[in-house]
Protein chains: 2
Amino acid sequence: MKNILTPIPPADARERLMIAALDQFTRRGYAATSVRELCEAAGVTKPVLYYYFKSKEGLYLQLMEESYTRFEAILSDLKSYSGSARERITNFTTGLFFSYVKQLPLLKLCYSIYYGTPQGAPYFNLEQYYDRVLDELERLVSEGIKLGEVKDGNVNDIVWTVMGCLNITIEEQLCHTNPRIDGDSMKRMLDLVLNGICTN
Amino acid sequence: MKNILTPIPPADARERLMIAALDQFTRRGYAATSVRELCEAAGVTKPVLYYYFKSKEGLYLQLMEESYTRFEAILSDLKSYSGSARERITNFTTGLFFSYVKQLPLLKLCYSIYYGTPQGAPYFNLEQYYDRVLDELERLVSEGIKLGEVKDGNVNDIVWTVMGCLNITIEEQLCHTNPRIDGDSMKRMLDLVLNGICTN
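Residues numbered from 1 in each chain as written. Chains lettered and ligands numbered in written order. Predicted model: local features only at pLDDT ≥ 70, side-chain atom pairs only at ≥ 80, totals over all residues. Heavy atoms only, no water.

Examining the overall build of chain A
Here's step 1: Counting its regular elements, chain A contains 10 helices and 0 strands.
Here's step 2: Written out in order from the N terminus, the α and β elements of chain A read α-α-α-α-α-α-α-α-α-α.
Here's step 3: At 21 Å, chain A has a C-alpha radius of gyration far larger than the 16 Å of a compact globule built from 200 residues.
Here's step 4: Projected onto the principal axes, the alpha-carbon positions of chain A cover approximately 70 × 35 × 25 Å.
Here's step 5: For chain A, with 200 residues in total, the buried portion stands at 51%.
Here's step 6: Sequence separation of at least 24 residues holds for 67% of the intrachain contacts in chain A that already meet a minimum separation of 6. (Helix = DSSP H or I, 4+ residues; strand = E, 2+ residues; numbered from the N terminus. Rg over C-alpha atoms; globule rule 2.2 N^0.38 Å. Buried < 20%, exposed > 50% of the residue type's maximum accessible area, 1.4 Å probe, protein only. Contact = heavy atoms within 4.5 Å.)

This is how it looks when you write it as structure tokens:
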């Protein structure tokens, strides 16, 4: 009898709800999207959403947390690059860029929550994405200076200049269907910056 | 009798409505702000708003248009700088930065409209702010190359790298009450970039 009263939700229903949430929150906004609409888009009934996420808030937070966990995994991969300081800075930054490009809808959602009018979404620390990248760049630049591969100077200035190249290239992908700069442009921009600060 | 039936609105009422609109649209959002709330915040009656702007949409568009007109005036001033290509690029970019800093609430509103969930605000071309700066930087860099003051290279790469320094420094002011980088940092970041590309 238990199976009839509390049926186990289909195995892929959770995943379909996550996909629907990302799509609806990004296109229509968190506040404007109802539980009913999320369920319709995912092709599930309301109890399935409540079973997995308890509420719209819970679904949003889960989406944010799992995305951030994936981001940390990507960071770990990118940190394992070897080579000169210059190569590591370039590979880390371009690797990050291409992983962001694969997640543009999520990035759009983060930008709309961060810069947009408050929509009542529960708090999630979006700045940690940015701050973790700054930390990692600082580590790479500091190591480069210690090894004599980066000219001694203000570490922060170098970090923020490199971050500026990454940031503007990502925002161009977010804002334009036909971006005027891409990953190749960013690599050349990084070269301009690194030509002046690297010793090799 | 005309004065009693259609009183002339107080001379500063228009200005107070513009200030209230910027404040309310930025803090609470365009959609969430009503004509009644705008009038209350400005200390005027509804007919005064209708007299000057016809509607909330009209007030928003007027705010956007006058802001953009001021921006074009600032651009004109900044274009008149003389000096080497390097000085002109640096002065143009830092001058622009400091003019943006004086207008952070407006900038916040533009970011929230641009990146946020659609709020039903009438269309205003926000990208022209960005594109006009890119155009001007392109002119400065191209002239620098022609004069032999900037190494021959990909003009766009240089333009976007400089723009990246400006963009990330402005966004840091938008996002943090205690920004980690400021105008001085940006000037040093520009130096890092220009050291590599300028011949002097």
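Points about helix α9 (residues 155-175) of chain B
The α-helix advances 3.6 residues per turn, and as a result positions three or four apart in sequence lie on the same side.
Residue and element names in this part refer to chain B.
Here's step 1: For α9, spanning 21 residues, the distance from its first C-alpha to its last is 30 Å, which sits close to the expected 30 Å at 1.5 Å a residue.
Here's step 2: Counted residue by residue, α9 has 18 buried out of 21 residues, so it is predominantly covered.
Here's step 3: A distance of 3.0 Å separates the backbone nitrogen of N156 from a side-chain oxygen at the start of α9, and that oxygen is part of N154. (Expected span 1.5 Å × (residues − 1). Polar contact = N/O pair within 3.5 Å; in protein donor to acceptor, adjacent residues only side chain to side chain.)

Some details on the relation of the copies chain B and chain A
Here's step 1: Mapping chain B onto chain A calls for a rotation angle of 180 degrees and an axial translation of 0.0 Å; the resulting RMSD is 0.0 Å. Both copies are brought into coincidence by an operation consistent with a two-fold rotation axis.
Here's step 2: Most of the interface of chain B is mirrored in chain A, where 100% of its interface residues are also at the interface. (Least-squares fit on C-alpha atoms with pLDDT ≥ 70 in both.)

Things to note about the pattern of salt bridges
Any two side chains of opposite charge can pair, on the condition that their charged atoms come close.
Residue and element names in this part refer to chain A.
Here's step 1: Under the counting rule described, the total for this entry stands at 28 salt bridges over all chains.
Here's step 2: R88 is the salt-bridge partner of E143, the closest N and O atoms lying 2.9 Å from each other. Linking E143 in helix α8 (residues 127-146) with R88 in helix α6 (residues 85-101), this pair joins segments that are 55 residues apart in sequence.
Here's step 3: Taken together, the shared-partner salt bridges in this structure form one network comprising K79, R88, E136, R139 and E143. (Salt bridge = Lys/Arg side-chain N within 4 Å of Asp/Glu carboxyl O.)

Focus on the packing of aromatic side chains
Residues and elements named next belong to chain B.
Here's step 1: Within the structure shown, the criterion is met by 29 aromatic pairs over all chains.
Here's step 2: On the numbers, 5.6 Å between centres and 45 degrees between planes, the contact of Y111 with Y115 is tilted. With Y111 and Y115 both in helix α7 (residues 104-115) and 4 residues apart, this pair spans about one turn of that helix. Of the two residues, Y111 and Y115, both sit in the buried class. (Phe/Tyr/Trp six-rings, centres within 6.5 Å; stacked < 30°, edge-to-face > 60°.)

Section: the packing of helix α7 (residues 104-115) of chain A against α7 of chain B
Here's step 1: Where α7 of chain A meets α7 of chain B, the axes come as close as 8 Å, and the angle between the chain directions of the two elements is 145 degrees. Our pair here, α7 of chain A against α7 of chain B, has a crossing hand that is left-handed. On α7 of chain B, the residues touching Y111, S112 and Y115 of chain A of α7 of chain A are Y111, S112 and Y115 of chain B. (Axes fitted to C-alpha atoms, helices over the stretch in contact; angles between N-to-C directions. Left-handed = near helix turned anticlockwise from the far one by under 90°.)

A few points about the interface of chain B and chain A
Here's step 1: Taken together, the contact pairs 39 residues of chain B with 39 residues of chain A.
Here's step 2: Carbon and sulfur atoms make up 61% of the surface buried where chain B meets chain A, a total of about 3,100 Å² over both sides.
Here's step 3: When the buried area of chain B at its contact with chain A is split by residue, Y115, W160 and L192 of chain B rank highest and sum to 23% of it.
Here's step 4: Between the two partners, chain B and chain A, sit 4 salt bridges.
Here's step 5: As a salt-bridge pair, D157 of chain A and R188 of chain B come within 2.6 Å of each other at their nearest N and O atoms.
Here's step 6: In this structure, the connection of chain B to chain A is made through 8 residue pairs in polar contact (both at pLDDT 80 or more).
Here's step 7: Counting residues per element, the ones that place at least two in the side of chain B that touches chain A are α2 (13-28), α7, α8 (127-146), α9 and α10 (183-197) of chain B.
Here's step 8: Looking at the side of chain B that touches chain A element by element, the count peaks at 13 residues for α9 of chain B.
Here's step 9: Each residue belonging to the side of chain B that touches chain A can be placed in one class, and the counts come to 18 nonpolar, 12 polar and 9 charged. (Buried area = accessible area lost by both parts, 1.4 Å probe. Nonpolar A, V, L, I, M, F, W, Y, C, P; charged D, E, K, R; others polar.)

Structural notes on the nonpolar core
Here's step 1: Counting 130 residues, the largest nonpolar core has L96, V133 and L166 of chain A together with L96, V133 and L166 of chain B as its most contacted members.
Here's step 2: Those residues in contact with L96 of chain A, other than ones at most four positions away along the chain, are F71, L75, L78, V133 and L166 of chain A. (Core = buried A, V, L, I, M, F, W, Y, C linked by side-chain atoms within 4.5 Å.)

Digging into the domain arrangement of chain A
Residues and elements named next belong to chain A.
Here's step 1: Segmentation of chain A into domains returns domain 1 (1-54) and domain 2 (67-197).
Here's step 2: The C-alpha-based centres of domain 1 and domain 2 are spaced at 33 Å.
Here's step 3: The partner domain 2 presents 9 residues to the 6 residues of domain 1 that form the contact.
Here's step 4: The contact between domain 1 and domain 2 buries some 580 Å² in all, and 73% of this surface belongs to carbon and sulfur atoms. (Domains from an automatic or database assignment.)

Focus on helix α4 (residues 46-53) of chain B
Residues and elements named next belong to chain B.
Here's step 1: Of all the residues in α4, the buried ones are V48, L49 and F53. Looking straight down α4, one finds its buried side chains confined to an arc of 100 degrees; they lie on one side. Facing away from the buried side of α4 by more than 90 degrees, the exposed set consists of P47 and Y51.
Here's step 2: Summarising the contacts, the buried residues of α4 are in contact with α2, α3 (35-42) and α5 (56-79).
Here's step 3: Once α4 ends, the next one or two residues include K54, with phi positive near 70 degrees. (Arc of directions from axis to C-beta.)

Describing the packing of helix α6 (residues 85-101) of chain B against α9 of chain B
All names here are of chain B.
Here's step 1: At a minimum axis distance of 10 Å, the contact between α6 and α9 shows a crossing angle of 20 degrees. By the criterion of interaxial angle, the relationship of α6 to α9 is roughly parallel. Judged by the twist between their axes, the crossing of α6 over α9 is right-handed. Contacts between α6 and α9 involve I89, T93, L96, F97, Y100 and V101 from the first element and V162, L166, T169, I170 and Q173 from the second.
Here's step 2: A breakdown of the residues in the contact of α6 with α9 according to their chemical character gives 8 nonpolar, 3 polar and no charged. (Parallel < 35°, antiparallel > 145°, perpendicular 65-115°, else oblique.)

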